[in-house]
Amino acid sequence: MMGPVAEQRIYNCNLSGRVGERVSVYGWVHVRRDHGKLIFIDLRDETALLQVVLRPEASELSRAIDHSVVTHRLPGRNTAGREREL
């Protein structure tokens, strides 16, 4: 049985309609780029590519390596929408 707030799987191609909502994304790390103060991860699922931008200390996802399979909960404050950059 799921907890009080069951999460629905959201494919990357459907994120533009979820701006402002808290969602979890699943996929594999296509490319990880470390720019010191920010880490950029291109997260791929079978539908699209999503760029996640993190601070190194912010999440375990910041330590992910290329081709690893991950899940990440996106905060409800993203505003990118159309570009799928969160």
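Data block above holds the structure.
Bear in mind that the values here come from a model prediction, so they are computed numbers and not experimental data.

Undergrad: If you had to explain the pairing of strand S1 (residues 23–34) to someone new, which residues and values would you point to?
TA: Within a regular beta strand, the side chains point alternately toward one face of the sheet and then the other, so they alternate between its two faces. As paired strands, S1 and strand S4 (residues 69–74) are joined by six bridges and run antiparallel to one another. Its bridge partner lying in S4, Trp 28 is registered against Val 69. Here six bridges tie S1 to strand S2 (residues 39–44), and the two strands are oriented antiparallel to one another. Across the sheet, the residue bridging to Asp 34 is Ile 39, located in S2.

Undergrad: Describe in detail the sheet that holds strand S3 (residues 49–54), supporting the description with residues and values.
TA: Overall, antiparallel pairing links the four strands, which are arranged S3-S2-S1-S4 in an open sheet. Each edge of the sheet is formed by a strand with only one pairing partner; in this case those strands are S3 and S4. Adjacent strand axes in the sheet meet at a mean angle of 50 degrees, parallel and antiparallel pairs treated alike.

Undergrad: Can you break down the environment of Gly 20 residue by residue, with the values?
TA: Checked against the element boundaries, Gly 20 lands in the segment before S1. For Gly 20, a relative accessible area of 44% puts it in the partly exposed group.

Undergrad: Give me the environment of Arg 44: which residues, what numbers.
TA: Residue position: Arg 44 is located in strand S2. Between the alpha carbons of Arg 44 and Val 69 there is a distance of 9.4 Å; along the sequence they are 25 residues apart. Non-local contacts of Arg 44, meaning those with residues more than four positions away in its chain, are made with Asn 12, Tyr 26, Gly 27, Trp 28, His 30 and Leu 49. Here the side chain of Arg 44 touches His 30 through a polar contact of 3.5 Å, side chain to side chain.

Undergrad: Report on the nonpolar core, specifying residues and quantitative values.
TA: Residues Leu 15, Leu 50 and Leu 61 are the most contacted members of the largest nonpolar core, which totals 15 residues. For this core, the secondary-structure elements that each account for two or more residues are S1, S2, S3 and S4. Setting aside residues up to four positions removed in sequence, Leu 61 forms contacts with Ile 41, Val 52, Leu 54, Val 70 and His 72.

Undergrad: Which residues make up the side chain of Asp 42, and what values do they have?
TA: Its location among the elements puts Asp 42 in strand S2. Judged by its relative accessible area of 11%, Asp 42 falls in the buried class. Of note is the side chain of Asp 42, whose polar atom sits 3.0 Å from the side chain of Arg 33. Filtering out sequence-adjacent residues up to four positions away, Asp 42 remains in contact with Trp 28, Val 29, His 30, Val 31, Arg 33, Leu 49, Leu 50 and Gln 51.

Basis of the calculations
Residues numbered from 1 in each chain as written. Predicted model: local features only at pLDDT ≥ 70, side-chain atom pairs only at ≥ 80, totals over all residues. Heavy atoms only, no water. Pairing = 2+ DSSP bridges. Helix = DSSP H or I, 4+ residues; strand = E, 2+ residues; numbered from the N terminus. Axes fitted to C-alpha atoms, helices over the stretch in contact; angles between N-to-C directions. Buried < 20%, exposed > 50% of the residue type's maximum accessible area, 1.4 Å probe, protein only. Contact = heavy atoms within 4.5 Å. Polar contact = N/O pair within 3.5 Å; in protein donor to acceptor, adjacent residues only side chain to side chain. Core = buried A, V, L, I, M, F, W, Y, C linked by side-chain atoms within 4.5 Å.

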